[in-house]
2 protein chains.
Amino acid sequence: MQPRKKPSSECPAARTLESVGEWWSILILRDAFQGCTRFEKFQRSLGIAPNILARRLKHLTAQGMFERRLYHKRPNWYEYVLTPKGRDFFPVVVAMFAWGNKHLSPKGKSLLMADRASSRAVEPIIVAAGTLTPVTPDNVVLVPGPKASPDMLRRLGSMRALRPDSPPT
Amino acid sequence: MQPRKKPSSECPAARTLESVGEWWSILILRDAFQGCTRFEKFQRSLGIAPNILARRLKHLTAQGMFERRLYHKRPNWYEYVLTPKGRDFFPVVVAMFAWGNKHLSPKGKSLLMADRASSRAVEPIIVAAGTLTPVTPDNVVLVPGPKASPDMLRRLGSMRALRPDSPPT
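Residues numbered from 1 in each chain as written. Chains lettered and ligands numbered in written order. Predicted model: local features only at pLDDT ≥ 70, side-chain atom pairs only at ≥ 80, totals over all residues. Heavy atoms only, no water.

(A) Expanded view of the interface of chain A and chain B. Contacts between the two partners involve 105 residues from chain A and, on the opposite side, 103 residues from chain B. Roughly 9,800 Å² is buried in total at the junction of chain A and chain B, and carbon and sulfur atoms are behind 63% of that figure. At the junction of chain A with chain B, the criterion picks out four salt bridges. The closest approach of N and O atoms between D138 of chain A and R87 of chain B, which form a salt bridge, is 3.0 Å. If you look at where chain A meets chain B, you find 36 residue pairs in polar contact (both at pLDDT 80 or more). Top contributing element to the side of chain A that touches chain B by residue count: helix α7 (residues 90-103) of chain A, with 13 residues. By residue class, the composition of the side of chain A that touches chain B is 60 nonpolar, 21 polar and 24 charged. (Contact = heavy atoms within 4.5 Å. Buried area = accessible area lost by both parts, 1.4 Å probe. Salt bridge = Lys/Arg side-chain N within 4 Å of Asp/Glu carboxyl O. Polar contact = N/O pair within 3.5 Å; in protein donor to acceptor, adjacent residues only side chain to side chain. Helix = DSSP H or I, 4+ residues; strand = E, 2+ residues; numbered from the N terminus. Nonpolar A, V, L, I, M, F, W, Y, C, P; charged D, E, K, R; others polar.)

(B) Broad picture of the relation of the copies chain A and chain B. Turning chain A through 180° and shifting it by 0.0 Å along the axis lays it on chain B, with an RMSD of 0.0 Å. What the rotation and shift describe, once combined, is the action of a two-fold rotation axis. Among all residues of chain A, the minimum C-alpha distance to the rotation axis is found for I126 of chain A, at 2.2 Å. In this assembly the copies share their binding face: 98% of the residues contributing to the interface of chain A also contribute to that of chain B. (Least-squares fit on C-alpha atoms with pLDDT ≥ 70 in both.)

(C) Main features of the pattern of salt bridges. All names here are of chain B. Per the stated rule, a full pass over the model turns up 12 salt bridges over all chains. A salt bridge links R38 to E79; the nearest nitrogen and oxygen atoms lie 3.5 Å apart. You can see R38 sitting in the loop between α3 (23-33) and α4 (39-46) and its partner E79 sitting in strand β2 (residues 77-82), a full 41 residues away along the chain.

(D) Summary view of the confidence of the model for chain A. Residues and elements named next belong to chain A. When the pLDDT values of chain A are averaged, the result is 87; 88% of them are 70 or greater. Between residues 1-7, whose pLDDT stays under 50, and residues either more than four places distant or in other chains, the model counts 18 contacts. Under the prediction, the complex receives an ipTM of 0.88, its pTM being 0.88. (pLDDT = per-residue confidence, 0-100.)

(E) Quick look at the packing of helix α3 (residues 23-33) of chain A against helix α4 (residues 39-46) of chain A. Residues and elements named next belong to chain A. At their nearest, the axes of α3 and α4 sit 10 Å apart, and the two run at 115° to each other. The orientation of α3 with respect to α4, classified from their angle, is roughly perpendicular. By crossing handedness, the relation of α3 to α4 is classed as right-handed. For the pair α3 and α4, the contacting residues are W24, L27, I28, R30, D31 and A32 in the first and F42, S45 and L46 in the second. (Axes fitted to C-alpha atoms, helices over the stretch in contact; angles between N-to-C directions. Parallel < 35°, antiparallel > 145°, perpendicular 65-115°, else oblique. Left-handed = near helix turned anticlockwise from the far one by under 90°.)

(F) Inspection of the side chain of S105 of chain B at higher detail. Topologically, S105 of chain B is positioned in the loop between α7 (90-103) and β3 (111-115). A residue is classified by how much of its surface remains accessible, and S105 of chain B, at 13% relative accessible area, is buried. A polar side-chain atom of S105 of chain B sits 2.8 Å from a polar atom in the side chain of R15 of chain A. In this structure, S105 of chain B is in contact with R15 of chain A together with G100 of chain B, ignoring residues within four places of it in sequence. (Buried < 20%, exposed > 50% of the residue type's maximum accessible area, 1.4 Å probe, protein only.)

(G) Summary view of the nonpolar core. Core analysis: the largest hydrophobic core is formed by 88 residues, its most contacted members being F42, F66 and F89 of chain A together with F42, F66 and F89 of chain B. If we skip the residues at most four places from it in the chain, F66 of chain A touches I28, L29, A32, F42, L57, L60, T61, Y80, V81, L82 and T83 of chain A. (Core = buried A, V, L, I, M, F, W, Y, C linked by side-chain atoms within 4.5 Å.)

Below, the structure written as structure tokens:
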């Protein structure tokens, strides 16, 4: 059975996975958010094979998440700088970080996120811009956008979003 | 060159990828957040091969993200219900959804997230619990936790976190 392309490519989360959803890509972005820009630095941090790292950096640059910038002439050396599109990926990494710290740190936390100014630990949560009310499976629902296809409309109709009255036990 | 296990397994974002970072797993969770619980429903929605779906559901159940629940006897049929740990993964999917909608919807949005009560569109952002200030690469920094290894301490020292004064151009 072949994956049905349409619904997946119509779903923005699936599009994100198609575009960036690769183990190494996300770790490369994670390091970029910590200030990594140079090939050697990424390689040291990730312990990744050079050919794989080169391929991922090329892909992320082609995707418009990195901009290649010359930082040394003769020989020409380039660094990889996050674009605004790349920086916008930060919440995905932060959400993975928070979930991992909460659920996959049985022996205690090795890393914490802290406020740069106050140095206080930061617990990231997702809220709705404007109202700042938490975004949970119970209080949000997916609705068709202006470009929803008939297939997507059917798909949404066939799915019952999680409701507060039916939480998992 | 082999991946260096320690830093990756010490980083909660990397742990998350190791545990759930698989294309299908994230789409399965996405559908679960929309109310999917049954094998056939996941299969129809994802267009995924039954053997792959079975393997991913088994893995996510073993990871404690789904609880298998009997919903029909003789023959015994089971459904897959999100556990609290599984529900906590919601922000990751939401962040991917938001990024995909912002950056990968050139022809317009097919899907929107809306508030269940008001039906108003929801733009998810990530903020610090308590202060509700936005979490960005500029205002947060990674700091060692109580269980940080010497390797992690060195690693953190070697990385310059992104600063407001050095945004990508």
